[in-house]
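These are the residues of each chain, in order.
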Amino acid sequence: MEEKSGDLSSAKEINNHTNYNEEELLAGFVGGGKSDFYLGKWKSGKMRSWNWPAALFPPFWLGYRKMYKTVFLLFGAFLLIDVIVAFLGFDSLRIDSSLGIAMGVAFGISGNLLYKNYAQSEIKRILDSNKHGNVMDRIKQRGGTSQKGIWIVIAVVISYAIISTILTEYIIDREEIVAITPISDVEGVQSEETIKQSILDLIALNFQALEEEDLEMYMTMIYMDDANEIYEETRNLVEMLFTEYDLEYEWYDPKFIFIKQDEVILSLRQISRVVEGSAYRDNETTIVHTFKFDNGVWKFAESEVESVIYLDEVALDINVERRNDQFYINGITLGMEDDIVSILGDPDDEGYNTDTWYLDGNVTMTAYYDGERDFLLDAIHVDFLDEMIVEQLINMLGPNFTRTQDGVEFATSDQVIGIYKHEGGFEVFLRSALVYVEETELTEEFIPSLNIDLDGFSHLFVQSYNETLAALSNENTIDELDFTVLQDGYFFTKLYKGIQLIGTLNPNKEIRWIGVRSENGKSSGDMEESFVEVEIGMAANIALITALGDEDVQEEIFQNIVHQQYNQFKEIGEYSTGIVRYIDSDSEYYSILHAESVDDSVDLGDYY
């Protein structure tokens, strides 16, 4: 409803059943110290007036003023525009920039009027449903500001970004498929099935030429570029291969990545075994081939090796397991010299403090002795251990692990097992947890802390966490925090899948630092699940700040961190209350929002 005069009488119907006048009701709804500002604007008689927060940060201003419906409508409109822009193939960056400027101007000019109409509508709804009794408390509760509203907007922004990216990429992919999928009944155009069969026939013929060592036949299938470089390089390589070795081949699992009328990209797995020849290692290789259509026939244009697994390495089984709070590497655990010797035999290399065994498949096991502490560290270096196998070990050993710069570490009360990248492979390393504690032992004298009781923090955290999830209609609330506390003071608990609450205790069993760690993994593709994870991460961040007693400055914390990370293009954003410093930082694997004493400087390298 637009104002045509300086009074507020145009909405008289909303206060027929209350002793408060219109101005008092609106002032109660606005709340805080801003009621004079908004009432002054509304009394001025101007249909439009400027609002800087609404102009500079439209979505966050709407969330702060609890206009959630407008937020969802706004981003719904953005999503629709993104879809249309993707369909039409326009420059989305330029359009998004123009829309952002236009939105800022529109909300700057109309924000006050929009907020007034929203306030009048909400007040009228309350009065209509509460015609008998004092309704001011309900009006104040419905109105006012909400710092949690800002976090809700953040969740909406992230959700919008995920949905927009998936939808636009899907549309673009579909348009590419439509553009490149040939129509079989058009003269000179091949159907997709025809192209696929032609490529598979070419691959079969290529391997036949390799098996028969027919160089001329093989080269007829190679694309000749303008400079003739690829053709000549391929000829020289294949000729050398035929001279030095007699190989046999298998190929399987072809996957078409890209199909056009003149170009195809395909990946396949190839097994090569030597029949005659020396210094050749049987292997399984994943190769991505690019084919070009040249003078009416398909030819190999480029080949890129994605991965190689040497078959002689795969035969060795590296067994890492956990039993009764102890780790075992191929059945070996700490302090069991006789067992090591009986399993591996006599060592091939004996040093002053070490015994070393050289096993099949480029695997080395070394036993390290320390007479003072009387413990034994066992390491297996494995060239063929890859990231996928490490992830399988993580799943097998359970949740008690932390990521380090070079790998991962698991801890029990007695032992620590590490899996680290080392010289082209990985090293599986077993060591005494007692030594680990001695090396990282903390003393209150030298280590500043938040000095907050973990149980007291947990109670406040759970209360705020559940309140935020309830406001978002998210059912993943919790009854309590079940922390696992390790011997070195490190503690953690799982909130939801890739989201954990982590930190360390000082020697007095009080919190030194604490943070929310969220996994930066690939999306599962389940949009509903992605929304749940965003909401839980947001609720955990809000609860962290609230439980540390800084709920009143949540807005400042958020604004400063966002300004540093997104406006100043920094990887780390931070905010200090003078007592607590909040730092939001990312790694390849995790994002962590953590709180520490302003006198402290926590290195989170070992916790990513």
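This one's a predicted model, so the numbers in the text were calculated from it and none came from an experiment.

Caption draft 1: Structural context of the overall build of the protein chain. Broken down by element type, the protein chain carries 18 helices and 22 strands. When the 608 residues of the protein chain are sorted by exposure, 44% land in the buried category. Total accessible area on the protein chain stands at roughly 32,500 Å², and carbon and sulfur atoms take up 50% of it.

Caption draft 2: Expanded view of the packing of aromatic side chains. What the rule picks out here adds up to 22 aromatic pairs. An angle of 65° between the planes, with centres 5.0 Å apart, marks the rings of Y38 and Y115 as edge-to-face. Here Y115 lies in helix α6 (residues 92-129) and Y38 lies in helix α2 (residues 35-43), a separation of 77 residues in the sequence. One exposure class covers both Y38 and Y115, and it is buried.

Caption draft 3: Highlighting the layout of surface pockets. Its volume calculated, the second largest pocket comes out at about 780 Å³. If you go around the second largest pocket, you meet 29 residues; those closest to its centre are Y218, L237, I287, H289 and S303. Among the elements of the structure, α9 (192-212), α11 (229-244), β1 (246-259), β2 (263-276), β3 (283-294) and β4 (297-310) are those that each provide at least two residues to the lining of the second largest pocket. Per-element accounting of the lining of the second largest pocket gives the leading share, 7 residues, to α11. Split into classes, the residues belonging to the lining of the second largest pocket amount to 18 nonpolar, 8 polar and 3 charged.

Caption draft 4: Region of the structure containing the nonpolar core. Counting 74 residues, the largest nonpolar core has F461 and Y465 as its most contacted members. Considering every element that reaches this core, the biggest residue donor is helix α17 (residues 527-547), with 11 residues. Setting aside residues no more than four positions away along its own chain, F461 makes contact with L481, L495, L501, A540, A543, L544 and A547. I195, A209, Y249 and V264 belong to the second-largest nonpolar core, a separate cluster that totals 26 residues.

Caption draft 5: Representation of α9. Between its first and last C-alpha atoms α9 spans 30 Å; for 21 residues at 1.5 Å apiece the expected length is 30 Å, and the two agree. Looking at α9, one finds that the buried residues are I195, I199, L202, I203, N206, F207, A209 and L210. Down the axis of α9, the sector holding all buried residues measures 155°, keeping them to one side. Exposed side of α9, more than 90 degrees from the buried face: E193 and E212 are the residues found there. E213 sits one or two positions beyond α9 and adopts a positive phi of about 55°.

Caption draft 6: Local environment of the environment of E192. Within the secondary structure, E192 is located in helix α9. A C-alpha to C-alpha distance of 8.3 Å links E192 and K260, two positions 68 residues apart in sequence.

Caption draft 7: Geometry of a nonpolar patch on the surface. The grouping of W50, W52, L56, F57, I101, V105 and I109 at the surface amounts to a nonpolar patch, some 730 Å² of accessible area in total. Listing elements by their share of the nonpolar patch, those giving two or more residues are α3 (52-56) and α6. Sorting elements by how many residues they give to the nonpolar patch places α6 first, with 3 residues. Position of V105 relative to the elements: it lies in helix α6. With relative accessibility at 41%, the residue V105 sits in the partly exposed group.

Caption draft 8: Region of interest: helix α16 (residues 454-471). Under the 1.5 Å per step criterion, the end-to-end length of α16 is 26 Å for 18 residues, consistent within 8% with the ideal 26 Å. Considered for burial, the residues of α16 that qualify are L454, F457, S458, F461, V462, S464, Y465, N466, T468 and L469. Following α16 by one or two positions, S473 has its phi on the positive side, about 60°.

Caption draft 9: Molecular detail of empty space enclosed by the protein. According to the stated counting rule, one finds 2 cavities of 30 Å³ or more in the structure shown. Empty space within the second largest cavity amounts to approximately 40 Å³. Lining the second largest cavity are L210, E213, L241, F242, Y245, D246, L247 and Y249. At the level of secondary structure, the elements contributing two or more residues to the lining of the second largest cavity comprise α11 and β1. Ranked by residues supplied to the lining of the second largest cavity, first place goes to β1 with 3 residues.

Caption draft 10: Here's a closer look at unusual backbone geometry. If you check the backbone angles, N295 has positive phi at about 55° while not being a glycine. Along the polypeptide, N295 turns up in the loop between β3 and β4. The exposure class assigned to N295 is exposed, which follows from its relative accessible area of 76%. Although it is not a glycine, S473 sits at a positive phi angle of roughly 60°. Among the secondary structure elements, S473 is positioned in the loop between α16 and β16 (484-485).

Caption draft 11: Fine view of the pairing of strand β19 (residues 510-519). The buried count for β19 comes to 7 of 10 residues, which makes it a mostly enclosed element. With 2 bridges joining them, strand β15 (residues 452-453) and β19 adopt antiparallel strand pairing. Within β19, the position partnered with D453 by the bridge is E510. The turn joining strand β18 (residues 499-505) and β19, which pair antiparallel and follow one another in sequence, is formed by 4 residues; a positive phi near 65° is taken by K509. In this sheet, strand β22 (residues 590-597) lies alongside β19 in antiparallel orientation, the contact comprising 7 bridges. Directly across from W513, in β22, lies its bridge partner E596.

Caption draft 12: Layout of the pattern of salt bridges. Inspection of the entire model under this criterion finds 13 salt bridges. For the salt bridge of K148 with E467, the shortest nitrogen-to-oxygen distance reads 3.6 Å. On the criterion of sequence distance, the pair formed by K148 in helix α8 (residues 147-180) and E467 in helix α16 is long-range, its members being 319 residues apart. Of the charged contacts, one joins D253 and R269 as a salt bridge, the two residues approaching to 3.8 Å between their closest N and O atoms. Here the residue D253 occupies a position in strand β1, and R269 occupies one in strand β2, the gap between them amounting to 16 residues. Given the relative accessible area of 31%, D253 is considered partly exposed. Under the relative-accessibility criterion, R269 is labelled partly exposed at 34%. Salt bridges sharing partners connect three or more residues here, namely D253, K255, R269 and E284.

Rules used throughout
Residues numbered from 1 in each chain as written. Predicted model: local features only at pLDDT ≥ 70, side-chain atom pairs only at ≥ 80, totals over all residues. Heavy atoms only, no water. Helix = DSSP H or I, 4+ residues; strand = E, 2+ residues; numbered from the N terminus. Buried < 20%, exposed > 50% of the residue type's maximum accessible area, 1.4 Å probe, protein only. Areas by Shrake-Rupley, 256 points an atom, 1.4 Å probe, with all protein chains shown as cover. Phe/Tyr/Trp six-rings, centres within 6.5 Å; stacked < 30°, edge-to-face > 60°. 1 Å grid on protein atoms, 1.4 Å probe; cavity = no way out; pocket = protein on both sides within 12 Å on 5 of 7 lines; lining within 4 Å. Points joined across faces, edges and corners; volume = space filled by probe spheres on them. Nonpolar A, V, L, I, M, F, W, Y, C, P; charged D, E, K, R; others polar. Core = buried A, V, L, I, M, F, W, Y, C linked by side-chain atoms within 4.5 Å. Contact = heavy atoms within 4.5 Å. Expected span 1.5 Å × (residues − 1). Arc of directions from axis to C-beta. Patch = residues over 30% accessible without salt bridge, like charges linked within 9 Å, V, L, I, M, F, W, Y side chains within 5 Å. Salt bridge = Lys/Arg side-chain N within 4 Å of Asp/Glu carboxyl O. Pairing = 2+ DSSP bridges.

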